[in-house]
Amino acid sequence: MHQTTAMLIELGAIILVLGLLGRLAGRVGFSPIPLYLLAGLAFGQGGILPLQASEEFVATGAEIGVILLLLLLGLEYSASELVTSLKTQYPSGAVDFVLNATPGAVMALLLGWGPVAAVALAGVTWISSSGVIAKVLGDLRRLGNRETPVVLGVLVLEDLSMAVYLPILTALLAGVSLAGGTVTLLIALGTVGAVLYLALRHGRLISRAVSSDSAEMLLLVVFGLTLVVAGIAQHLQVSAAVGAFLVGIALSGEVAEGAGVLLTPLRDLFAAVFFVFFGLHTDPADIPPVLLPALALAAVTALTKIATGYWAARRAGISAKGRWRAGGTLVARGEFSIVIAGLAVGTEPRIGPLATAYVLILVVLGPITARWTEPAARRFTNRLHPAPRPTPPTPPTTEPTEAVRTGH
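Because the structure is a prediction, the values reported are computed rather than measured. (Residues numbered from 1 in each chain as written. Predicted model: local features only at pLDDT ≥ 70, side-chain atom pairs only at ≥ 80, totals over all residues. Heavy atoms only, no water.)

A. Local environment of the overall build of the protein. Per the secondary structure count, the protein includes 16 helices and zero strands. Taken across its 408 residues, the protein has 47% of its residues classed as buried. When contacts within the protein are restricted to residue pairs at least 6 apart in sequence, long-range pairs at least 24 apart make up 83% of them. Carbon and sulfur atoms make up 67% of the accessible area of the protein, which totals about 20,300 Å². (Helix = DSSP H or I, 4+ residues; strand = E, 2+ residues; numbered from the N terminus. Buried < 20%, exposed > 50% of the residue type's maximum accessible area, 1.4 Å probe, protein only. Contact = heavy atoms within 4.5 Å. Areas by Shrake-Rupley, 256 points an atom, 1.4 Å probe, with all protein chains shown as cover.)

Okay, structure coming up:
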């Protein structure tokens, strides 16, 4: 009884603190993710008030949080939108991968963490935060801007790439052989292809089978189906998160909209628990030794994301102002960087503190770059190439008359 009482008190305190932090972040106009991470650091080992009774429940809640994050992400996209983005935006996705995954991989190798950690840290620096960026676009009233579809196209490709990247990373972290890793990758690619095919050809039938007039039944069926598919995907080493993402893609129309509305509060709750859980397993004393690499990575990958957005917008024929806005908007990292780091901490524990510091920096810097990159670029350009000053008009010259010349 005492253990149950302590667990309830700890859980209540955690959720209450998260609610207050979320309200504070809303008033300031920033994402609550860094505050959730800081709360986890405070409640974890080495923190101010370590948790004891509720750690197991929080660990389970964190797993559900990752699944719901990917499920809601999949519900936002239809299969046709994903296929269209693949056809039109794949060059931008390739540039995004090269420019932003490379710094993470190089940093891991320079720190001597090995090739598996390099693959993990490459993912941490590669993927932008869809949640933070969507909020920033809404706050800045840029949803109707010409460059916004370019930004969303890059994010869609990153999200879809997770369906291939996560199984590869999971296989590497599990120490699977080359042959086993190849099989896992083929299973992942085949599963993604099959889901896209079924969603394109038979999406209405799938949605009709899941649909219900009762909000309660719709919630239970979609959530239960997602957990089952996520568990099967985890068993096949394809990643539970990818399974949840594919369930979201398979659903469309009114079913996807209704499920999204019903599941959003659950996602927000368990996603907050996930960020706290990640902070719980990061000792604050481990962050100062990796702070300089985190700052260096943040500086480099902020510039590479700006370059990515600029290039993608230029390719789409957007004006210079829109190019800079697109680049600055893509800087924020968040939920997926933490998901990837959470998978890798078992192999390389130092990834956790580095990823925490890195995300804390860029999730705060992201809204700033989204707002100020274009004005800063405009001022810098004006200083390099100042506009020529207009020359004052010369007074008209008049020829002296004959009377003036002769003195009459």
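On we go from here.
B. The arrangement of the packing of helix α2 (residues 33-43) against helix α11 (residues 253-280) in detail. Running from N to C, α2 and α11 cross one another at 45°; their axes reach a closest spacing of 7 Å. The angle between the axes of α2 and α11 places the two elements in the oblique class. Considering the relative orientation of α2 and α11, their crossing is right-handed. Only A272, F275, V276, F278, G279 and L280 of α11 make contact with α2, whose side of the interface consists of I33, Y36, L37, G40, L41 and F43. Partitioned by chemical class, the residues of the contact of α2 with α11 number 10 nonpolar, two polar and no charged. (Axes fitted to C-alpha atoms, helices over the stretch in contact; angles between N-to-C directions. Parallel < 35°, antiparallel > 145°, perpendicular 65-115°, else oblique. Left-handed = near helix turned anticlockwise from the far one by under 90°. Nonpolar A, V, L, I, M, F, W, Y, C, P; charged D, E, K, R; others polar.)

C. Fine view of unusual backbone geometry. The backbone phi angle of R141 is positive, close to 55°, even though this residue is not glycine. A residue is classified by how much of its surface remains accessible, and R141, at 76% relative accessible area, is exposed.

D. Expanded view of the packing of aromatic side chains. With the rule as written, the count across this model stands at three aromatic pairs. Taking the centre distance of 4.9 Å and the plane angle of 75° together, the rings of F97 and W126 count as edge-to-face. In this pair, F97 sits in helix α4 (residues 79-110) while W126 sits in helix α5 (residues 115-126), placing the two residues 29 residues apart along the sequence. Residue class for W126 comes out buried when judged on its relative accessible area of 7%. Each ring, one from W126 and one from Y165, has its centre 6.0 Å from the other, and the planes form 90°; the classification is edge-to-face. Of this pair, W126 sits in helix α5 while Y165 sits in helix α7 (residues 148-173); the two residues are 39 residues apart in sequence, bridging distant segments of the chain. Across the pair, Y165 and W126 agree in class, each one buried. Taken together, the ring pairs in this structure connect F97, W126 and Y165 into an aromatic cluster. (Phe/Tyr/Trp six-rings, centres within 6.5 Å; stacked < 30°, edge-to-face > 60°.)

E. Representation of the environment of E76 in the model. Considering the arrangement of structural elements, one finds E76 in the loop between α3 (55-75) and α4. Note on E76: relative accessible area 52%, which makes it exposed. Between the C-alpha atom of E76 and that of G248, which follows or precedes it by 172 residues, the distance is 7.7 Å.

F. Structural context of the side chain of T329. Turning to its location among the elements, T329 is positioned in helix α13 (residues 320-329). If sequence neighbours within four positions are ignored, T329 has contacts with I133, L137, R142, V151 and A370.

G. A look at α11. Compared with an ideal rise of 1.5 Å per residue, which puts 28 residues at 40 Å, α11 spans 39 Å between its outermost C-alpha atoms and is within 8% of the ideal. Along its length, α11 reaches its greatest deviation from straightness, about 40°, at L263, and the proline P265 lies no more than four positions downstream. (Expected span 1.5 Å × (residues − 1). Bend = angle between axes of the 7 residues up to and from the residue.)

H. View of the packing of α11 against helix α14 (residues 335-344). With their axes 11 Å apart at the nearest point, α11 and α14 run at an angle of 45° to one another. Comparing the axis directions of α11 and α14 gives the class oblique. In the packing of α11 onto α14, the handedness of the crossing is left-handed. Contacts from F274, F275 and F278 of α11 reach α14 at E335, I338, V339, A341 and G342. A breakdown of the residues in the contact of α11 with α14 according to their chemical character gives six nonpolar, one polar and one charged.

I. Layout of the environment of S211. As for its position among the elements, S211 is in the loop between α8 (178-210) and α9 (215-235). Owing to a relative accessible area of 40%, S211 belongs among the partly exposed residues under this scheme. As a C-alpha pair, S211 and V255 span 44 residues in sequence and 5.8 Å in three-dimensional space. Ignoring any residue separated from it by four or fewer positions in sequence, one finds S211 in contact with L218 and V255.

J. View of the pattern of salt bridges. If you walk through the whole model with that rule in mind, you get five salt bridges. E158 is paired through a salt bridge with K305; the nearest N and O atoms lie 2.5 Å apart. Here E158, found in helix α7, pairs with K305, found in helix α12 (residues 291-315); they are 147 residues apart in sequence, far enough to count as distant. There is no split in this pair, since E158 and K305 are both buried. Notably, a salt bridge pairs R267 with D268, separated by 3.0 Å at the nearest N-O pair. Linked by salt bridges that have partners in common, D96, E158 and K305 make up one network. (Salt bridge = Lys/Arg side-chain N within 4 Å of Asp/Glu carboxyl O.)

K. Fine view of the nonpolar core. In this structure, L70 and L71 are the most contacted members of the largest nonpolar core, which totals 113 residues. Ranked by residues supplied to this core, first place goes to α11 with 13 residues. Excluding anything up to four places from it in sequence, L71 contacts V222, T226, A244, F245, V247, G248 and L263. (Core = buried A, V, L, I, M, F, W, Y, C linked by side-chain atoms within 4.5 Å.)

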